[in-house]
Amino acid sequence: MVTNCANPGCKSTLRSFAEGRFFHFDIVSVSVSAGDASTGGFDEQPQRQNIDYWLCGDCSASLSLVLEPVRGLKLVPLGNASAVSKSLTAD
Ligand SMILES: [Zn+2]
């Protein structure tokens, strides 16, 4: 359940589902470490995870969220998706 704005510098509380913008991410992760190739650890089941984030009205007016496989959740300015303003960890 999302209760706060995903912007770490904001953290507004979710009061209305009509406010701001919701982001839904489907994450599939396979835990294969660098050493697993020699031990044949490729039969692991991928882990599926559904994660929801919310940006409040103020933040969603100027920011968007993207999820990168390596770096995780990132806040990006609207209309400039290649620019990185902040890195977040999904916890
Ligand atoms: Zn916010």
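Everything here concerns the structure above.
Residues numbered from 1 in each chain as written. Predicted model: local features only at pLDDT ≥ 70, side-chain atom pairs only at ≥ 80, totals over all residues. Heavy atoms only, no water.

A. Fine view of the overall build of the protein. In terms of helices and strands, the protein carries two helices and five strands. Listing every helix and strand of the protein by position from the N terminus yields β-α-β-α-β-β-β. Considering the protein as a whole, with its 91 residues, one finds that 27% of them fall into the buried category. Long-range pairs, those at least 24 residues apart, make up 48% of the contacts in the protein between residues at least 6 apart in sequence. A total accessible area of about 6,200 Å² is found for the protein, and carbon and sulfur atoms account for 51% of it. (Helix = DSSP H or I, 4+ residues; strand = E, 2+ residues; numbered from the N terminus. Buried < 20%, exposed > 50% of the residue type's maximum accessible area, 1.4 Å probe, protein only. Contact = heavy atoms within 4.5 Å. Areas by Shrake-Rupley, 256 points an atom, 1.4 Å probe, with all protein chains shown as cover.)

B. View of the pairing of strand E4 (residues 72-77). Across the six residues of E4, five count as buried, placing the element largely inside the fold. From the end of strand E3 (residues 63-68) to the start of E4, which pair antiparallel, there are three residues. (Pairing = 2+ DSSP bridges.)

C. Structural detail: the coordination of the zinc ion. Of the protein atoms, only Cys5 (SG), Cys10 (SG), Cys56 (SG) and Cys59 (SG) coordinate the zinc ion, at distances of 2.3 to 2.4 Å. Between the four donor atoms coordinating the zinc ion, the angles at the centre fall across 103 to 118 degrees, so the site counts as tetrahedral. Mapped onto the sequence, the donors of the zinc ion take the spacing C-x4-C-x45-C-x2-C. As far as the burial class goes, Cys56 and Cys59 line up, both buried. (Donors = N, O, S within 2.8 Å, 3.2 Å for Na, K, Ca; no water. Tetrahedral: all angles 85-135°; square planar, octahedral: opposite > 155°, others 65-115°.)

D. Spotlight on the side chain of Lys74. Its location among the elements puts Lys74 in strand E4. With a relative accessible area of 3%, Lys74 lands in the buried category. Polar side-chain contacts of Lys74 include one of 2.9 Å to the side chain of Glu68. (Polar contact = N/O pair within 3.5 Å; in protein donor to acceptor, adjacent residues only side chain to side chain.)

E. Highlighting the pattern of salt bridges. Inspection of every chain in the model, using the stated rule, returns three salt bridges. We note a salt bridge from Arg48 to Asp26, for which the minimum N-O separation is 3.8 Å. In this pair, Arg48 is assigned in strand E2 (residues 47-55) and Asp26 in strand E1 (residues 21-29), connecting sequence segments 22 residues apart. Judged by relative accessible area, which is 62%, Arg48 ranks as exposed. What emerges from the salt-bridge pattern is a single network uniting Glu68, Arg71 and Lys74. (Salt bridge = Lys/Arg side-chain N within 4 Å of Asp/Glu carboxyl O.)

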